[in-house]
Amino acid sequence: MLFKSLEFKNVDGQKVKIIEIPVLEDDNLYQFIVKVRLQTFIAQVYANKNPKKVYSFKDYLKRVLKWPVYEQIFKSEILKNNA
């Protein structure tokens, strides 16, 4: 699975980085859920008065999504012959 990161300045002008954002295919059923949750998470981080420097979107999704949905988004395909 591919991940991307996002860096921006918050309300106070402090740099904030969000890491571990999953990159999903266009036909993935969970793409909409991830986009909406990412927008919500960015809004929370942007408005936070005491922000951290780095946030993990994967950890956020682990807290807010139901476990079966989380597993489907982050499932890793088992490679044959350690390839």
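Not measured: the values here are computed from a predicted model.

Draft legend 1. View of the overall build of the chain. For the chain, the count of helices and strands is three helices and three strands. If you line up the chain on its principal axes, its C-alpha atoms span 50 × 25 × 20 Å. Across the 83 residues of the chain, 27% fall into the buried class. The long-range share in the chain, meaning contacts at least 24 apart out of those at least 6 apart in sequence, stands at 48%. For the chain, the exposed surface amounts to about 6,400 Å²; the carbon and sulfur share of it is 53%.

Draft legend 2. Highlighting the nonpolar core. In this structure, Ile 18, Phe 41, Val 45, Tyr 55, Phe 57, Leu 61 and Ile 73 are the most contacted members of the largest nonpolar core, which totals 17 residues. Counting residues per element, the ones that place at least two in this core are strand 2 (15-23), helix 1 (31-47), helix 2 (57-64) and helix 3 (67-74). The element best represented in this core is helix 1, accounting for four residues. Those residues in contact with Tyr 55, other than ones at most four positions away along the chain, are Val 16, Lys 17, Ile 18, Ile 19, Phe 41, Val 45 and Asn 48.

Draft legend 3. Region of interest: the sheet that holds strand 1 (residues 2-9). Taking strand neighbours across the sheet as the criterion, the three strands line up as 1-2-3 in an open arrangement whose pairing is mixed. Across the chains shown, the open sheet's two edge strands, defined by having one partner strand only, are strand 1 and strand 3 (54-56). Taking each pair of neighbouring strands and ignoring which way they run, the sheet shows an average axis angle of 20 degrees. As defined by bridge partners, strand 1 adjoins strand 2 across seven bridges and the pair is classed as antiparallel. When the bridges of strand 2 are listed, Lys 4 appears paired with Ile 21.

Draft legend 4. Up close: helix 3. Turning to helix 3, its buried residues number three or more, namely Tyr 70, Ile 73 and Phe 74. Take helix 3 and look down its axis: the buried residues cluster within an arc of 80 degrees, on one side only. Check the buried side of helix 3 and you find it contacts strand 1, strand 2, helix 1 and helix 2.

Draft legend 5. The side chain of Gln 31, seen in detail. With respect to the secondary-structure elements, Gln 31 resides in helix 1. Its relative accessible area of 18% is what places Gln 31 among the buried residues. Once you skip the residues sitting within four places of it in the chain, Gln 31 turns out to touch Leu 24, Glu 25 and Asp 26.

Draft legend 6. The packing of helix 2 against helix 3, seen in detail. Relative to each other, helix 2 and helix 3 sit at 150 degrees, their axes nearing to 8 Å. Taken as axis vectors, helix 2 and helix 3 run roughly antiparallel relative to one another. Seen from helix 2, the contacting residues are Lys 58, Leu 61 and Lys 62; seen from helix 3, they are Trp 67, Tyr 70 and Phe 74. Tallied by class, the residues present in the contact of helix 2 with helix 3 amount to four nonpolar, no polar and two charged.

Thresholds, definitions, all that
Residues numbered from 1 in each chain as written. Predicted model: local features only at pLDDT ≥ 70, side-chain atom pairs only at ≥ 80, totals over all residues. Heavy atoms only, no water. Helix = DSSP H or I, 4+ residues; strand = E, 2+ residues; numbered from the N terminus. Buried < 20%, exposed > 50% of the residue type's maximum accessible area, 1.4 Å probe, protein only. Contact = heavy atoms within 4.5 Å. Areas by Shrake-Rupley, 256 points an atom, 1.4 Å probe, with all protein chains shown as cover. Core = buried A, V, L, I, M, F, W, Y, C linked by side-chain atoms within 4.5 Å. Pairing = 2+ DSSP bridges. Axes fitted to C-alpha atoms, helices over the stretch in contact; angles between N-to-C directions. Arc of directions from axis to C-beta. Parallel < 35°, antiparallel > 145°, perpendicular 65-115°, else oblique. Nonpolar A, V, L, I, M, F, W, Y, C, P; charged D, E, K, R; others polar.

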